[in-house]
Structure formats: structure tokens, C-alpha cells
Amino acid sequence: MELITKKMQMLERKCEAVNQITFDEDFNVPDVKPDIGRMIQKKGEIQIEDIQISQGKAFLSGALMVSLLYVSDSEERKIYSLRGNLPLGETMNLEGLENGDKVQLKWDIEDLSVQLIHSRKINIKALVTFTAYVEEVRQLELPIGVEDGEISQKKQDCSVMCTAVHKKDIMRVKEDIDLSSNKPDIYELLWNTVEIRGLDIRAETDKIGVKGELFLFALYRGNDDTNSLQWLEHSVPFYQEMECQGCSADMIPNVEIAMPQSDLKVKQDDDGEERILGVDAVLELEMKLYEEEELSLLTDVYTPVRDCRAVRENYKLESLLVKNFSKCKVNDRVKVENSQGKILQICHSDGTVKVDSTQIVENGILVEGIVQVRILYIIGDDEMPFYSMETMIPFSHVIEAESITENCVYHLRADLEQLSTTMIDSDEIEVKIVMNLNAVVFRQTDTGIIQRIEEQELDREKLRSMPGIVGYQVQPGDSLWDIAKKFYTTIDTIVQLNGLESERVKPYDTLILMKKSGEVKGKCGCTEQSAGRFQ
């Protein structure tokens, strides 16, 4: 018996591995750099050069890039920066990994510390968590009917979420920023940060719209008589449309964006003066777009003239429960160490959202974590005014998701929308944060999907032992379709014999049933029963 099926794509995680790598290395200050007197600020980033795949293993090679802003140990006490590379090589065991698989890689620098051993040597410690995984699209054939018109079919209306688009793409954001007229030319670029803020991603017809801003900071030495220290903050808004064939506005996007590379370079203007900062950021997009389809899923078949057995395989079918683009606002006040002196001005602040835990609670998802904030500021020391502090602002937020249960799965994206720091007084700073906590929640339903239908002759001995006509009391959950199958009759026969006005029956109704096996004609086998709906 041939099934009529509908093909749908489901994205499945084939394999996954999580490794933690620790770094603990001493680093010598290059000869061209002066001695370190005091460290101001540090930052780290991971650069992956290559991923080599063998059977069941993925070998990562790259480096941890550590940058340090410091005050020289000299009479001038000037600010300098240096950069060190700590090589990494790590083997990740991924059971089932095969040549040709595309390994997706994420990482998180959970801890980074730099200690001064002496003026020409520092110690770098870091803890980095790597997550590697492989996802593949699986073709699932869902039965929606049978080709044999004499078979009675039981169906169930359902919503099924499928993967419509799965692809990776790269976008670039480039901008030239002119210095204001009251700023001196750039003599040396000392320090910079580039962040993505305020992401807004929307699905459109055959494209994905990506909106956000690059928030950048640059500290430089000016090309004036004193090589004065100058800084600038600038926001670069961007909107780009990425080609995405097959995408439509009613699809549900789950897009993850990473910035593996960002460069800030000094350029000359038309007069040959170095008064332009050029930013060039590379953004990697992993795009998954889901589409919900309404189906009448075939759940059972029968005919009074043959024994039909449905062979099933269990799958978890997903349907959309809710998508919630939530915002979390956090305010806090932080004290500055008295030993550093009184704050005169805040130069710059940047932050990173880190989610520590998520938990399904009543009608929502509890998200807890921290925002790591770095603040660069000036104190009342004319010779060397720059200092920096790092702090962690905790947050706890419930993303509303009515009717969510432990059987649901969700995709969460957390990013920074706004971060502002304001002086309360000379030793206290107020931090205000707005985060985007976006969740897409799917309800999972364990479903036995019919793979094939096996037919065989009826058990004549069993049929002869059954009475030709019986009385039956309807039980809770019964439908006429179920009753007809159990007693080898048809829905039409039950309706006619009992004078029913419809196919609806109530629990504890009494029915007269007549066995029809071996004498079915006409509509006896072509009844189609709807069994409600699951989501």
C-alpha cells in the first residue's frame, strides 16, 4: 500500500563537543617597547586559522591575541600598547564526525588576567571554552494519505515547523571617520575597541535585513607639540540586505552574528594629513529560518476486508509556541578604588553580555548572567591621568512564554543594545544597561510517524468467533472511526443502524454494531476521520 507523503526539512545536530583550554604563559616585552610601569587595560580575542577534520576528530589551530595598554616605567610616563600571540592547538572529539562535514565553532573567553612579573615580563592566564558542533538537514517524509481509495484513513491536523533555509554568509561594514577640526592629527593609534550593538534582524522576500551599529573607541597620540593624548567615540549605524533565496517575511529567523575580525586604521585625508580613521568589520552570519506548515497527518488506517498494520517510527515534531523579543534593563552603581584618585572624566565604557544559566519557569524562561563592563577614565593626575576598572553587573530576567513546558525547546540570543556610564561623584559611577534577550520557543510533540503499511488476510477464525451484532457503550476518548475499526464495521453502517444525525458521539452513549467484514462495498473503506489537532 503506497503512502502519499510530504517532504519536509528538519535541522538536526549530528554531533557536539565542549572543550576548555587554559593558557598560562610568560610573555617578554618586545625590545622596541619601553618597560612597563603600570597596566591600564587589557583585552583578548581568539583567531582561528584552520580546522582540520578527520574521522571523529576536529583539530583547531590558531591563537589567543592579548592586547595591553600600559604606562611606561620612565620619567616621561607615556602610554604605550603591546600585543602578544599565544598559540593554540586543540583536538576536539566529535563522535560521528566525517570528512566533508562542516564544523561550526563558538568560543567564550571566560577569564583573562595579566600579571606584571617585572618591567620586562608579564604572565598571561586565560580560560577559553570552545563549543564545536555539526548540524545537518534531514529529509523527513510525513504521511498525509494513502493511494488506495478503499482504505479508511484517520488524520490529525497539526502545525509542523521545518527548516526552510540554513546557510552561512559574510557581510562587511566599512566607514571612514573624519576627526573634528579641534583635534590634532593622529601621530600614533594606541588603543581601540569595536562592538556590535542594537541588532535587529528581519526576514524579507528572498533576503535578510540586518540592522545595527558599530560602536567604536580610539585612543591616540596627537601630532602636536606635546603628543597629547586624544580619544574619540563614534557610532556607525548600518543596514544591509543579505541575499537569501527562498526566504519570506512570514518565516522565523534565528540568526547568529559574530565579528571574527575588525580593523581600525589611520588614513590620510585629501591634504595628506592623517585625520581619518577607517573601520572595517567582518560579520559572520549563521542563518536558520523556520517555516510552519499546516498538515493533516495520517495517523491510522483500516478496512474491514483486510488486516492493515501501520509500522511507525517515533519523531519529535516541533511547532511554534512563541517568539518574544524581550528587553532587560539593569542599573547599578560601582565604587572606584580610593587609591587611584578622584575621577575627573569618563572616557569610554564597553561591555559583554554573558548568560550563565537559563531555566524554564512558569510561563517563561528565566535568564541569569552578568554584563562584563570595562571603564576607562581620567583622574586628577596631570602627569598620568588614565586609569581603568572592570566590573560585573549581574542580571536576572524572565522572558515571557505562556504555556511553556519542559517539553519545549528554545533558541536564545543575548546582545547589548545600550551601555552608558555617568559620574555620580568623584568616586562613584552609575552604569545603565539595556540588553536584547530574544527567544524563539518551539513545542515538541512525540509522534509515531507511519513509515509503511503492511497488509495481510483477516483472521477468519477470530471473525467467526465474534458476534454479528453487539451493543456497545461509548467510552471516553472514543470516536466512530475507532469503534468501526475495533468491530470490523464502517462509520456509515453505524450511523445508519443507529439513526445518528452526525458522526459525533458522547461518552456512555449506547450503540448497536453490526460486523461488515467480507461484504464491504461502496464507501465502506473510504471514510476519512479527523482526530482533532495537536501543536
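As a reminder, the structure under discussion sits directly above these lines.
Let us look at the structure shown here. (Residues numbered from 1 in each chain as written. Predicted model: local features only at pLDDT ≥ 70, side-chain atom pairs only at ≥ 80, totals over all residues. Heavy atoms only, no water.)

## Some thoughts on the overall build of the chain
Item 1. Looking only at helices and strands, the chain has three helices and 21 strands in total.
Item 2. Since a compact globule built from 535 residues should have a radius of gyration of about 24 Å, the 33 Å found for the chain marks it as more spread out than a globular shape.
Item 3. Overall size of the chain, expressed as C-alpha extent along the three principal axes, is 110 × 50 × 45 Å.
Item 4. The buried share of the chain, reckoned over its 535 residues, is 48%.
Item 5. Sequence-distant contacts, at least 24 apart, represent 78% of the contacts inside the chain between residues at least 6 apart.
Item 6. For the chain, the exposed area adds up to about 27000 Å²; of that, 42% sits on carbon and sulfur atoms.
Item 7. In the chain, 62 positive and 96 negative side-chain charges are present, and the distance between their average locations comes to 5 Å. (Helix = DSSP H or I, 4+ residues; strand = E, 2+ residues; numbered from the N terminus. Rg over C-alpha atoms; globule rule 2.2 N^0.38 Å. Buried < 20%, exposed > 50% of the residue type's maximum accessible area, 1.4 Å probe, protein only. Contact = heavy atoms within 4.5 Å. Areas by Shrake-Rupley, 256 points an atom, 1.4 Å probe, with all protein chains shown as cover. Lys, Arg positive; Asp, Glu negative; His and termini not counted. Charge placed at Lys NZ, Arg CZ, Asp CG, Glu CD.)

## Here we look at the environment of Ile 208
Item 1. By the secondary structure assignment, Ile 208 is in strand β9 (residues 207-222).
Item 2. When the C-alpha atoms of Ile 208 and Glu 241 are compared, they prove to be 5.5 Å apart, with 33 residues separating the residues in sequence.
Item 3. Excluding its chain neighbours within four sequence positions, the residues that come into contact with Ile 208 are Ile 201, Arg 202, Ala 203, Gln 240, Glu 241, Met 242, Cys 244, Cys 247, Met 287 and Leu 289.

## Quick word on a nonpolar patch on the surface
Item 1. A contiguous nonpolar patch, built from Ile 469, Leu 497, Ile 512 and Met 514 and spanning about 330 Å² of accessible area, is present on the exposed surface.
Item 2. With respect to the secondary-structure elements, Leu 497 resides in helix α3 (residues 491-498). (Patch = residues over 30% accessible without salt bridge, like charges linked within 9 Å, V, L, I, M, F, W, Y side chains within 5 Å. Salt bridge = Lys/Arg side-chain N within 4 Å of Asp/Glu carboxyl O.)

## Side note on the sheet that holds strand β3 (residues 57-72)
Item 1. Here three strands make up an open sheet; going across it, the order is β2-β3-β4 and the pairing antiparallel. The open sheet terminates on both sides in strands that have one partner only, identified here as β2 (36-54) and β4 (79-93). If you compare each strand with its neighbour and ignore which way they point, the axes differ by 15 degrees on average.
Item 2. Summarising the sheet, β3 and β4 pair through 15 bridges and their orientation is antiparallel. Along β4, the bridge assignment pairs Ser 67 with Arg 83. (Pairing = 2+ DSSP bridges. Axes fitted to C-alpha atoms, helices over the stretch in contact; angles between N-to-C directions.)

## Observations concerning the sheet that holds strand β18 (residues 428-456)
The pairing of strands in a sheet comes from backbone hydrogen bonds and takes either a parallel or an antiparallel form.
Item 1. The three strands lie next to each other as β13-β18-β17, forming an open sheet whose pairing is antiparallel. Each edge of the sheet is formed by a strand with only one pairing partner; in this case those strands are β13 (307-335) and β17 (408-425). Going from strand to strand, the sheet's axes swing by 0 degrees on average, the running direction of each strand aside.
Item 2. Both β13 and β18 contribute to a ladder of 28 bridges, which runs antiparallel.

## What about empty space enclosed by the protein?
Item 1. One pass over the full model with this rule turns up one cavity of 30 Å³ or more.
Item 2. As a volume, the largest cavity reaches approximately 40 Å³. (1 Å grid on protein atoms, 1.4 Å probe; cavity = no way out; pocket = protein on both sides within 12 Å on 5 of 7 lines; lining within 4 Å. Points joined across faces, edges and corners; volume = space filled by probe spheres on them.)

## Things to note about the pattern of salt bridges
Item 1. As enumerated under the stated definition, the model contains 33 salt bridges in all.
Item 2. Note that Arg 202 and Asp 200 form a salt bridge whose closest N and O atoms lie 3.2 Å from each other.
Item 3. Look at Asp 200 and you get partly exposed, because its relative accessible area is 26%.
Item 4. Counted as one network, the salt bridges with shared partners bring together Arg 13, Glu 16, Glu 135, Glu 286 and Lys 288.

## Looking at the layout of surface pockets
Item 1. Considered as a void within the structure, the second largest pocket measures approximately 230 Å³ in volume.
Item 2. Taken together, 12 residues line the second largest pocket, and the ones lying closest to its centre are Met 39, Ile 40, Gln 41, Ser 388 and Met 389.
Item 3. Every element with two or more residues in the lining of the second largest pocket is listed here: β2 and β16 (386-400).
Item 4. No other element matches β2, which puts five residues into the lining of the second largest pocket.
Item 5. Residue composition of the lining of the second largest pocket, grouped by class: six nonpolar, three polar and three charged. (Nonpolar A, V, L, I, M, F, W, Y, C, P; charged D, E, K, R; others polar.)

## Digging into the environment of Asp 26
Item 1. The topology assignment puts Asp 26 in strand β1 (residues 3-28).
Item 2. Sequence separation between Asp 26 and Ile 122 is 96 residues, and the spatial gap between their C-alpha atoms is 5.7 Å.
Item 3. Non-local contacts of Asp 26, meaning those with residues more than four positions away in its chain, are made with Ile 117, Lys 121, Ile 122 and Asn 123.
Item 4. In this structure the side chain of Asp 26 is engaged in a polar contact, spanning 2.8 Å, whose partner is the side chain of Asn 123. (Polar contact = N/O pair within 3.5 Å; in protein donor to acceptor, adjacent residues only side chain to side chain.)

## Focus on the packing of aromatic side chains
Item 1. Inspection of every chain in the model, using the stated rule, returns six aromatic pairs.
Item 2. Centroid distance Trp 231 to Phe 386: 5.8 Å. Interplanar angle 90 degrees. Geometry classified as edge-to-face. Pair noted here: Trp 231 is in strand β10 (residues 229-243) and Phe 386 is in strand β16, with a separation of 155 residues, a long-range link. Here Trp 231 matches Phe 386 in class, with each residue buried.
Item 3. Consider the rings of Tyr 290 and Phe 442, whose centres lie 5.1 Å apart with planes at 75 degrees: the pair is edge-to-face. In this pair, Tyr 290 sits in strand β12 (residues 274-302) while Phe 442 sits in strand β18, placing the two residues 152 residues apart along the sequence.
Item 4. Over the ring of Tyr 133 we find Arg 13, and its NZ or CZ is 3.9 Å from the ring centre. (Phe/Tyr/Trp six-rings, centres within 6.5 Å; stacked < 30°, edge-to-face > 60°. Lys NZ or Arg CZ within 6 Å of the ring centre and 35° of its normal.)

## Focus on the nonpolar core
Item 1. Counting residues in hydrophobic clusters, the biggest one holds 34 residues, and the most contacted among them are Ile 208, Val 210, Leu 214, Ile 257, Leu 285 and Leu 289.
Item 2. Secondary-structure elements contributing two or more residues to this core are β7 (152-178), β8 (186-204), β9, β10, β11 (252-268) and β12.
Item 3. In this view, Leu 214 contacts Val 173, Val 194, Glu 195, Ile 196, His 234, Ser 235, Val 236, Phe 238, Met 259, Val 279 and Ala 281; residues no more than four positions away in its chain are not counted.
Item 4. Among the nonpolar cores identified, the runner-up in size contains 33 residues, and Val 353, Val 371, Ile 393 and Met 435 belong to it. (Core = buried A, V, L, I, M, F, W, Y, C linked by side-chain atoms within 4.5 Å.)

## Re unusual backbone geometry
Item 1. Positioned with a positive phi, Arg 77 is a non-glycine residue whose angle comes to about 50 degrees.
Item 2. With respect to the helices and strands, Arg 77 occurs in the loop between β3 and β4.
Item 3. Although it is not a glycine, Asn 227 adopts a positive phi angle of roughly 50 degrees.

## A closer look at the environment of Val 305
Item 1. Tracing the backbone shows Val 305 in the loop between β12 and β13.
Item 2. Look at Val 305 and you get partly exposed, because its relative accessible area is 26%.
Item 3. Expressed as a C-alpha distance, the spacing of Val 305 and Met 39, which sit 266 residues apart in the sequence, is 87 Å.

## Remarks on the state of the cysteines
Item 1. What the rule picks out here adds up to zero disulfides.
Item 2. Residue Cys 162 stays outside any disulfide, its sulfur separated by 12 Å from that of Cys 158, the closest cysteine. (Disulfide = S-S within 2.5 Å.)

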